[in-house]
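Working through the structure, step by step
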Amino acid sequence: MSSSMWRDTINASESDYIAENYLIEIIPSFHSEKISLVSGDYGPFKPNKIIKIPLWLAVKYRNNNQCKIIIPSIYENSYLNGVLESEKENKNSLFDLPPNFFEISNILFNNAEDDFEDIKKTRCFVADIKTLRQNKINNMLKNIKNEDLYLKLNGLTSIELEQIRPLLKNIFPFRLQIKNNVNIDFTHYLLFNKMNEEENNEEENAEDNNKINNDNDDEKEEISENKIEDEKGDKSEDNKDDENSRSEER
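Residues numbered from 1 in each chain as written. Predicted model: local features only at pLDDT ≥ 70, side-chain atom pairs only at ≥ 80, totals over all residues. Heavy atoms only, no water.

1. So, the nonpolar core
The biggest cluster of nonpolar side chains holds 34 residues, and the ones touching the most others in it are Ile26, Ile53 and Ile69. Contributing elements (two or more residues each) for this core: strand 1 (23-28), strand 4 (51-54), helix 2 (55-63), strand 5 (67-69), helix 3 (77-89), helix 4 (101-111) and helix 5 (119-142). In terms of residue count, the dominant contributor to this core is helix 4 (six residues). Sequence-distant contacts of Ile53, defined by excluding residues within four places in its chain, comprise Tyr22, Leu23, Ile24, Ile26, Tyr42, Phe45, Ala58 and Tyr61. Among the nonpolar cores identified, the runner-up in size contains nine residues, and Leu94, Ile137, Leu153 and Leu161 belong to it. (Core = buried A, V, L, I, M, F, W, Y, C linked by side-chain atoms within 4.5 Å. Buried < 20%, exposed > 50% of the residue type's maximum accessible area, 1.4 Å probe, protein only. Helix = DSSP H or I, 4+ residues; strand = E, 2+ residues; numbered from the N terminus. Contact = heavy atoms within 4.5 Å.)

The following block contains the structure:
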């Protein structure tokens, strides 16, 4: 097993960084031309005209009192209440939340408190959802049997996956495969089943190397045969020259 596979998930700081690049709507209170960032072009900015920008930039403008952040619908209390009820009803599965749901909520709680309709209630919903999901994940892990070779968990967010990663490393010291239906940016392809891909790649590389070696052997044999034929041809020519020389001497 490749030891590097355990680094193939994102850590907390990287998860926060990804969350900060989440696109969110704001209502600017200023004029500005279009700005060009690594992630793309945004703007122009006009007062009271809704525009979508990365969360980190929205926080910057919000802290400078230059905009109001439009809280995404997934953090509306009516939606969160539905998520909570679904988590309670489905004991053996997780609600399919956005991958950076909890990181984004923390950023918004800390930087856009006044933009929530009822932030105290929203905080309670998010905290209850998080606690309930953690309990469900723990119960799933407790039910793992010794003969199980892999664990299938659907709907994990990035932070949940990171939290259970060390534990899973101990549970499955030889083979670990986690299937996750959530699309967590480019980094969430970095799941533990990458080990299988590495094994397949190693097998494919081995096959390719064998094929190359076989081709090289065939080429060597062909070259050897051609060399022998050439040597025979050279000897024949030499014999003819010797015979001609003898004839001339006579």
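Text resumes after the structure shown.
2. Some remarks on the environment of Phe125
Looking at where Phe125 falls in the secondary structure, it is placed in helix 5. C-alpha separation for the pair Phe125 and Glu76, spaced 49 residues apart in sequence, amounts to 9.8 Å. Excluding its chain neighbours within four sequence positions, the residues that come into contact with Phe125 are Asn77, Leu80, Asn81 and Leu84.

3. What about the pattern of salt bridges?
Considering all chains together, one arrives at four salt bridges under this definition. Between Glu87 and Arg133 there is a salt bridge whose closest N-O contact spans 2.7 Å. Of this pair, Glu87 sits in helix 3 while Arg133 is found in helix 5, placing the two residues 46 residues apart along the sequence. Overall, the relative accessible area of 0% leaves Arg133 in the buried class. Taken together, the shared-partner salt bridges in this structure form one network comprising Glu87, Arg133, Lys136 and Glu160. (Salt bridge = Lys/Arg side-chain N within 4 Å of Asp/Glu carboxyl O.)

4. Things to note about the confidence of the model for the protein chain
Looking at the protein chain as a whole, the pLDDT averages 76, with 59% of positions reaching at least 70. The model gives residues 1-8 a pLDDT under 50, and that stretch makes 19 contacts with residues more than four places away or in other chains. Within the model, pLDDT remains below 50 along residues 174-199, and this stretch shows 69 contacts once partners closer than five positions in the same chain are excluded. (pLDDT = per-residue confidence, 0-100.)

5. Things to note about the environment of Ile129
In this fold, Ile129 is placed in helix 5. Residue Ile129 is classed as buried on the basis of its relative accessible area, which comes to 0%. For the pair Ile129 and Lys88, spaced 41 residues apart in sequence, the C-alpha to C-alpha distance is 9.2 Å. Once residues within four sequence positions are removed from consideration, Ile129 is found in contact with Leu80, Val83, Leu84, Leu97 and Phe102.

6. Notes on the sheet that holds strand 1
With respect to topology, three strands assemble into an open sheet ordered 4-1-5, the strand pairing being antiparallel. Each edge of the open sheet is held by one strand with a lone partner, namely strand 4 and strand 5. Ignoring which end each strand starts from, the neighbouring axes of this sheet average 45° apart. Bridge analysis of strand 1 against strand 4 gives four bridges, and the strand direction is antiparallel. The residue bridging Ile24 from the neighbouring strand is Ile53, located in strand 4. Packing against the sheet, helix 2 makes contact with strand 1, strand 4 and strand 5, and its axis sits at approximately 105° to strand 4. (Pairing = 2+ DSSP bridges. Axes fitted to C-alpha atoms, helices over the stretch in contact; angles between N-to-C directions.)

7. Notes on the packing of helix 2 against helix 4
The interhelical angle for the contact between helix 2 and helix 4, taken along N-to-C directions, is 10°, at an axis separation of 11 Å. Taken together, helix 2 and helix 4 sit at an angle that is classed as roughly parallel. Residues Leu55, Val59, Arg62 and Asn63 of helix 2 form the contact with helix 4, whose participating residues are Ile104, Ile107, Leu108 and Asn111. Each residue belonging to the contact of helix 2 with helix 4 can be placed in one class, and the counts come to five nonpolar, two polar and one charged. (Parallel < 35°, antiparallel > 145°, perpendicular 65-115°, else oblique. Nonpolar A, V, L, I, M, F, W, Y, C, P; charged D, E, K, R; others polar.)

8. Remarks on the environment of Glu117
Residue position: Glu117 is located in the loop between helix 4 and helix 5. For the pair Glu117 and Asn77, spaced 40 residues apart in the sequence, the C-alpha separation amounts to 8.5 Å.

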